[in-house]
Amino acid sequence: MDELRRQLIITAQRMDAAGLNKGTAGNVSVRAGQGRAGGFLITPTGMPYETLVNEDMVFMHLDGRCEGRRKPSSEWRFHRDLYAARADAGAIVHAHSPFATSLACLRLDVPAFHYMIARFGGATVRCAGYATFGTQALSDAVLLAMAQRRACLLANHGMLVLGDDLAQALALGVELEALCEQYWRACQLGPPVLLDALEMATVLAKFADYGQQG
């Protein structure tokens, strides 16, 4: 598990380097262990990512118990609930990236202005309803917005993505922020032309075997 802790720290630091985050905002987690011993590792609350060492990573059980010398991220609830509900959740990235957060503060879904929206599982990236950070109410809103999706915005808050592993979760976070920037820029010139439901269904089918298959 030491290697997984190291990879978690690297991912958190790369999130900052990619421009998804600043300071101590945001959090990252990765599924760890199996069966009754299963749970997830998560970054600690309120610590700069460049200062983290393996021992700062917090192991959490799915019943909410935690192990380690640090307190977990205040957002551990939506991480826990997503791992419990989604077998496809191997890692989760939450960030306060500039363009995703700007759209989230307008409480906007990201519509099918570009076919790559389908990368996240549907014809839109939904914006979850607002709730105070760190609460079960926020986690409940996240679960609704993430139904059949790999990403959502959080109203007046930021973005959330899940991936098969840490590398994919970070890559999807970068993709989502780029799409949010493109949508924001397009909206400065007028309402973007949206792809229709038939075209998005076609794109979603093509994404079923997108990328290298091993």
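Being a predicted model, the structure only gives us computed values, none of them experimental.

K.L.:
Looking at this model, I keep getting lost on the pairing of strand 1 (residues 27–32). Mind explaining?
P.N.:
One face of the sheet, then the other: side chains in a regular strand alternate in exactly this way. Among the six residues of strand 1, five are classified as buried, and the element is accordingly described as predominantly covered. As defined by bridge partners, strand 1 adjoins strand 5 (residues 91–95) across four bridges and the pair is classed as antiparallel. Residue pairing in the sheet places Ser29 in a bridge with Ile92 of strand 5. Note: strand 1 against strand 2 (residues 39–42), four bridges, orientation antiparallel. Each residue of the ladder has a partner; that of Ala32, found in strand 2, is Gly39.

K.L.:
It is not clear to me how the pairing of strand 8 (residues 158–163) should be interpreted in this structure. Could you clarify?
P.N.:
With six of six residues buried, strand 8 lies mostly within the body of the structure. The hairpin turn running from strand 7 (residues 151–154) into strand 8, its antiparallel successor, is three residues long, and Asn156 in that turn takes a positive phi close to 55°.

K.L.:
Help me out: how do you make sense of the layout of surface pockets in this one?
P.N.:
With a probe scaled to a water molecule rolled over the atoms, the places where space remains empty come into view. Approximately 180 Å³ is the volume found for the second largest pocket. Lining the second largest pocket we find 16 residues, and of these Thr24, Ala25, Gly26, Asn27 and Ser74 sit closest to its centre. In terms of residue class, the lining of the second largest pocket is built from five nonpolar, 10 polar and one charged.

K.L.:
Looking at this structure, how should I read unusual backbone geometry?
P.N.:
The phi angle at Gln148 is positive, at roughly 60°, despite the residue not being glycine. Position of Gln148 among the secondary structure elements: in the loop between helix 4 (136–145) and strand 7. One non-glycine residue, Asn156, adopts positive backbone phi at about 55°. Along the chain, Asn156 falls in the loop between strand 7 and strand 8. A residue is classified by how much of its surface remains accessible, and Asn156, at 35% relative accessible area, is partly exposed.

K.L.:
I would appreciate a short explanation of the pattern of salt bridges in the present structure.
P.N.:
Once the charged atoms of two side chains with opposite charge are near each other, the side chains can pair. Counted by the stated rule, this structure contains 10 salt bridges. For Arg65, the salt bridge identified is with Asp63, shortest N-O distance 2.8 Å. Its salt-bridge partner being Glu175, residue Arg119 comes within 3.4 Å of it at the nearest N-O pair. Taken as a pair, Arg119 in the loop between helix 3 (98–105) and strand 6 (127–128) and Glu175 in helix 5 (residues 166–189) lie far apart in primary sequence, 56 residues in all. Three or more residues are tied together by salt bridges with common partners; here these are Arg86, Asp88, Arg150 and Asp164.

K.L.:
Quick question: what am I supposed to make of the nonpolar core here?
P.N.:
Counting 45 residues, the largest nonpolar core has Met15, Val110, Val125, Leu153, Met159 and Leu176 as its most contacted members. Among the secondary structure elements, those contributing two or more residues to this core are helix 1 (2–17), strand 1, strand 5, helix 3, strand 7, strand 8, helix 5 and helix 6 (197–207). With eight residues, helix 5 is the single largest residue contributor to this core. When near neighbours in sequence (up to four residues on either side) are disregarded, Met15 contacts Leu20, Asn21, Asn27, Val28, Tyr49, Val93, His94, Ala95 and Leu170.

Rules used throughout
Residues numbered from 1 in each chain as written. Predicted model: local features only at pLDDT ≥ 70, side-chain atom pairs only at ≥ 80, totals over all residues. Heavy atoms only, no water. Buried < 20%, exposed > 50% of the residue type's maximum accessible area, 1.4 Å probe, protein only. Helix = DSSP H or I, 4+ residues; strand = E, 2+ residues; numbered from the N terminus. Pairing = 2+ DSSP bridges. 1 Å grid on protein atoms, 1.4 Å probe; cavity = no way out; pocket = protein on both sides within 12 Å on 5 of 7 lines; lining within 4 Å. Points joined across faces, edges and corners; volume = space filled by probe spheres on them. Nonpolar A, V, L, I, M, F, W, Y, C, P; charged D, E, K, R; others polar. Salt bridge = Lys/Arg side-chain N within 4 Å of Asp/Glu carboxyl O. Core = buried A, V, L, I, M, F, W, Y, C linked by side-chain atoms within 4.5 Å. Contact = heavy atoms within 4.5 Å.

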